[in-house]
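Topology and contacts: notes
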Amino acid sequence: MNYSILIHETAEVFAMRNDPAKRQALFAPIREYLQALREAGVFVGGAGLEAPATATTLSTSGSTWKVQDGPFADTKEQLAGLIIIDVPDRDHALEWARRLPMLAGRKLELRANLIPQQE
Amino acid sequence: MSGAARLAVERAARDSRSRLLAFLAARSHDVAAAEDALSEAFRSALESWPRDGVPDKPEAWLLTAARRRLIDASRHAQVHAHALPDLLAAVDEAQVVVQEQQPFPDERLKLLFVCAHPAIDAGARTPLMLQTVLGLDAARIASAFLVKPATMGQRLSRVKTKIRDAGIAFEIPHGEDLPSRLDAVLEAIYAAYGSGWDDITGADPRRRGLASEALELGALLLQLLPNEPEARGLLALMLYCESRRAARRDGEGHYVPLSEQNAACWSVPMIAQADRLLREAERAGRIGRFQLEAAIQSVHAQRACSGHTDWESLALLYEGLVRLAPTIGALVGRAAAVAQARDAHTGWQMLQQIPAEAVASYQPYWALAAHLLTQMQRGDEALVARERAIGLCEDEAMRVFLMRQK
Amino acid sequence: MNYSILIYETAADFATRNDPDPKKREAYWAVWPAYVEALKKAGVFVSGAGLQTPDTASTLRFNGDKRHVQDGPYAETKEQLGGFFIIDVPDLDAALDWAARVPRSPGRVFEVRPNLVLGNA
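Now for a look at the structure at hand.

Rules used throughout
- Residues numbered from 1 in each chain as written.
- Chains lettered and ligands numbered in written order.
- Predicted model: local features only at pLDDT ≥ 70, side-chain atom pairs only at ≥ 80, totals over all residues.
- Heavy atoms only, no water.
- Helix = DSSP H or I, 4+ residues; strand = E, 2+ residues; numbered from the N terminus.
- Buried < 20%, exposed > 50% of the residue type's maximum accessible area, 1.4 Å probe, protein only.
- Contact = heavy atoms within 4.5 Å.
- Areas by Shrake-Rupley, 256 points an atom, 1.4 Å probe, with all protein chains shown as cover.
- Lys, Arg positive; Asp, Glu negative; His and termini not counted.
- Charge placed at Lys NZ, Arg CZ, Asp CG, Glu CD.
- Rg over C-alpha atoms; globule rule 2.2 N^0.38 Å.
- Pairing = 2+ DSSP bridges.
- Axes fitted to C-alpha atoms, helices over the stretch in contact; angles between N-to-C directions.
- Buried area = accessible area lost by both parts, 1.4 Å probe.
- Salt bridge = Lys/Arg side-chain N within 4 Å of Asp/Glu carboxyl O.
- Polar contact = N/O pair within 3.5 Å; in protein donor to acceptor, adjacent residues only side chain to side chain.
- Nonpolar A, V, L, I, M, F, W, Y, C, P; charged D, E, K, R; others polar.
- Arc of directions from axis to C-beta.
- Core = buried A, V, L, I, M, F, W, Y, C linked by side-chain atoms within 4.5 Å.
- Left-handed = near helix turned anticlockwise from the far one by under 90°.
- Phe/Tyr/Trp six-rings, centres within 6.5 Å; stacked < 30°, edge-to-face > 60°.

A few words on the overall build of chain C. For chain C, the count of helices and strands is four helices and six strands. Counting from the amino terminus, helix and strand elements in chain C follow one another as β-α-α-α-β-β-β-β-α-β. Based on the C-alpha atoms only, the size of chain C along its principal axes is roughly 45 × 45 × 20 Å. In chain C, which comprises 121 residues, the proportion classed as buried is 58%. Contacts in chain C between residues far apart in sequence, at least 24 positions, make up 72% of those at least 6 positions apart. Summed over all atoms, the accessible surface of chain C reaches about 5,000 Å², with 53% contributed by carbon and sulfur. In chain C, 14 side chains carry a positive charge and 16 a negative one; their mean positions are 3 Å apart.

Structure below.
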């Protein structure tokens, strides 16, 4: 079964990416984690996302598009990345989610993926 | 003040603003600085004119306000400092002219030609026209073209800098240059006309609904170039398309294809106006792609009188269009017309001639393919083609319509 | 360049997935395969997934020392992430074009963001 681990981060954590000293500390543990996922054969896919300032939001009002600069949500934490894993059940998914490197300002959301036939 | 009256006042304000902008930009070569100088004046005109009435000399009113802002700006050395002398001189010249000439001279044709100049990035021409001639704001233009607002703002800013720094001349092309330069202006205006969600004549899918603005630009161009048959053709084309707007959706908002539209819902005055423009254009004896596209739409419009569609004429007109301007839309349109005039198989063969890469993501191609394959009893292939069309839909109503046909 | 199209759905959207009326359910599910096919045929599809409803989520927080797991939606916003597509296209304009083709419903919102280019993910 596929699960998605959604990584949400505050602006402070995003800002770490721009600091050469902090950047390594931010990405290295994630790289190791991804490597572990691959070695365990559970890694399906994923992506890191650029900072929310690079986002564009599309919504419709009636029959016209509204294109806006910036992310959709106004929340303190924004989506920073997502990882898809293939595991037998939710307990296993949670186990892997717990292994994802954490720091202050990062929150994870775990959700099962829809089964393809359903889509 | 009534809605209609208010609209009239706003139009007067926008009209005066754009005449002034064209005049000032032509002399200072700095579109951005001229826009800036006029923006405050324009804003306060929109506030006070509905209340106090449109002034006798609206440009004089705007100029006085603009001049005040320019002087202030030069004092605070704020905005476009190096453009100020040129712009101030242009404003001074305008103030002399506004006293002597009534109405204020209209140099917007020069502005339109500059917007569509070959050196201007093609993706910026229509937005630039909409902003400078009609005063639309960048965010609204961005949404209409499905572009990030910040990107649109940057694109517009870059292009105005280019006009100034590259010394693009504000003049009306003549001789051999005119036809191609004019075609670029027509294309740019047509790009503003998206029929919202439908792809009637195979226009670029990035073009999305600023229909009334496009019509306004088309009407203005014709006013400025009354002897140009292609300008007539463009306006006629847009009017024919616009005349069917009410018929495109039924009472429940479902998509209704052209062949099933209730012709009684088509706008008779718009069709009549388009017919007249097309006849006038034909008298000039200089056929062009927009006249041909309009002629195609006029054949469709005749169903309102005759009750049927003359597919033979359409096939011929499309043949002419393809020779003049072989766009993907024209090629697909021709295949559709031939399929109706002759048979599905002949239309299908024409469709097959279009290179695959060109139509990989072109929804109307796949919708037509599904239709023709169904008619040729090739159900499995039709299903695949219909799925492709569904996946490429940008119009939910169209998607629902296609899915119902499964 | 890789972009993510994030699909934010309304509570009504999520409810429609399991609507007792099979026609309504069908209307929700039937639209997706054609879009995915279109992405694949155009050669831009990298990956994608629909997500189960937010109320099925588990949230992991970190207090500097321990991880704390909670069940339930991560945020109480009106629209929640319902799915995403990752596509490979030349530029943002192309990404927005594909976002414009994602099946729509009233209130559904799309966010398009470039992906990080690193050995990161």
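There is more to say after this.
This part takes up the overall build of chain B. If you tally the helices and strands in chain B, you get 21 helices and zero strands. A compact globule built from 406 residues should have a C-alpha radius of gyration of about 22 Å, and chain B, at 24 Å, falls within 12% of that. Its C-alpha atoms put chain B at 75 × 45 × 40 Å along the principal axes. The buried share among the 406 residues of chain B stands at 55%. Considering only residue pairs separated by 6 or more positions, chain B has 66% of its internal contacts joining residues 24 or more positions apart. Summed over its atoms, the accessible surface of chain B is roughly 17,600 Å², and 52% of this surface lies on carbon and sulfur atoms. Measuring between centres, the 47 positive side-chain charges of chain B sit 2 Å from its 51 negative side-chain charges.

With that settled, consider the sheet that holds strand 4 (residues 64-69) of chain A. Read from one edge to the other, the open sheet built from six strands follows the order 4(A)-3(A)-6(C)-1(C)-5(C)-2(C), with strand pairing classed as antiparallel. At either margin of the open sheet sits one strand with a lone partner, and together these are strand 4 of chain A together with strand 2 (45-50) of chain C. In this sheet, neighbouring strand axes are inclined to one another by 20° on average, regardless of whether the strands run parallel or antiparallel. In this structure, strand 2 of chain C lies alongside strand 5 (residues 80-88) of chain C, joined through five bridges in antiparallel fashion. From the neighbouring strand, Ser47(C) faces strand 5 of chain C, where its bridge partner is Ile86(C).

So, on to the interface of chain B and chain A. Contacts between chain B and chain A engage nine residues on the former and 13 residues on the latter. Between chain B and chain A, roughly 830 Å² of surface is buried when both sides are summed, and carbon and sulfur atoms account for 57% of that area. Scanning the region where chain B abuts chain A turns up zero salt bridges. The interface formed by chain B and chain A holds five residue pairs in polar contact (both at pLDDT 80 or more) in total. Within the residue set of the side of chain B that touches chain A, elements represented by two or more residues are helix 7 (138-144) and helix 8 (149-165) of chain B. Of the residues belonging to the side of chain B that touches chain A, the class tally is six nonpolar, one polar and two charged.

Residues and elements named next belong to chain B. If you walk through the whole model with that rule in mind, you get 42 salt bridges over all chains. The partner of Asp-395 in a salt bridge is Arg-249, with the nearest N and O atoms 2.9 Å apart. Of this pair, Asp-395 sits in the loop between helix 20 (379-391) and helix 21 (396-404) while Arg-249 sits in the loop between helix 11 (229-243) and helix 12 (268-283), and the two are 146 residues apart along the sequence. Overall, Arg-249 belongs to the partly exposed group, its relative accessible area being 25%. Overlapping salt bridges bring together Asp-15, Arg-19, Asp-106 and Arg-108 as one network.

A word on helix 17 (residues 344-352) of chain B. All names here are of chain B. Here helix 17 has its buried residues at Ala-344, Gly-347, Trp-348, Met-350 and Leu-351. When helix 17 is viewed along its axis, its buried side chains cluster within an angular range of 160° and face the same direction. Here the buried face of helix 17 lies against helix 15 (311-324), helix 16 (328-341) and helix 19 (363-375). One side-chain oxygen at the N-terminal end of helix 17 lies 3.0 Å from the backbone nitrogen of His-345; it belongs to Asp-343.

Consecutive side chains of a regular strand alternate in pointing toward one face of the sheet and then the other. Residue and element names in this part refer to chain C. Within strand 1 (residues 2-9), seven of the eight residues are buried, which leaves it mostly tucked inside the rest of the structure. Strand direction decides the pairing type here: strand 1 and strand 5, joined by eight bridges, are antiparallel. Considered in strand 5, the bridge of Glu-9 is made with Gln-80. Note that strand 1 and strand 6 (residues 109-114) share six bridges and pair antiparallel. Bridging from a neighbouring strand, Ile-7 pairs with Phe-110 of strand 6.

Take the interface of chain C and chain A next. Of the residues lining the interface, 46 residues belong to chain C; the matching set on chain A comes to 53 residues. Of the roughly 4,700 Å² buried where chain C meets chain A, counting both sides, 63% is carbon and sulfur surface. On the chain C side of the interface with chain A, the three residues burying the most area are Leu60(C), Tyr74(C) and Arg113(C), jointly 16% of the side's total. On inspection of chain C and its partner chain A, the count reaches zero salt bridges. Viewed at the interface, chain A and chain C are joined by 17 residue pairs in polar contact (both at pLDDT 80 or more). Tallying contributions element by element places strand 6 of chain C first for the side of chain C that touches chain A, with six residues. Among the residues making up the side of chain C that touches chain A, the classes are represented as 27 nonpolar, twelve polar and seven charged. Of the pairings in the sheet, the one linking strand 3 (residues 56-61) of chain A to strand 6 of chain C comprises three bridges and is antiparallel in character. From the neighbouring strand, Leu58(A) faces strand 6 of chain C, where its bridge partner is Phe110(C).

Bringing the nonpolar core into the picture now. Grouped together as the largest cluster of nonpolar side chains are 145 residues, with contacts concentrated most on Leu221(B), Leu351(B), Ile5(C) and Trp98(C). For this core, the leading source of residues is helix 11 of chain B, giving nine residues. Among residues more than four places away in sequence, those in contact with Ile5(C) are Tyr35(C), Gly83(C), Phe84(C), Phe85(C), Ile87(C), Ala95(C), Trp98(C), Ala99(C), Val102(C), Glu111(C) and Val112(C). Counting residues in hydrophobic clusters, the runner-up holds 28 residues, among them Leu21(B), Ala90(B), Val91(B) and Ala94(B).

With that settled, the discussion passes to the packing of helix 11 of chain B against helix 13 (residues 289-301) of chain B. Angle between the axes and distance between the axes: these two values describe a pair of packed helices. Residues and elements named next belong to chain B. Two elements in contact, helix 11 and helix 13, have axes whose closest approach is 8 Å; the angle formed by their N-to-C orientations is 35°. For helix 11 against helix 13, the interelement crossing comes out left-handed. Residues Pro-229, Glu-230, Gly-233, Leu-234, Ala-236, Leu-237, Tyr-240 and Cys-241 of helix 11 touch helix 13, and the partners they reach there are Arg-289, Phe-290, Gln-291, Glu-293, Ala-294, Gln-297, Ser-298 and Ala-301. Broken down by class, the residue content of the contact of helix 11 with helix 13 amounts to nine nonpolar, four polar and three charged.

It is worth spelling out the packing of aromatic side chains at this point. All names here are of chain C. This model, assessed by the stated rule, comprises twelve aromatic pairs over all chains. Centroid distance Tyr-35 to Phe-85: 5.1 Å. Interplanar angle 70°. Geometry classified as edge-to-face. With a gap of 50 residues between them, Tyr-35 in helix 3 (residues 32-41) and Phe-85 in strand 5 connect regions that are remote in the sequence. As far as the burial class goes, Tyr-35 and Phe-85 line up, both buried. These aromatic residues form a ring-pair network of at least three members: Tyr-28, Trp-29, Trp-32, Tyr-35, Phe-85 and Trp-98.

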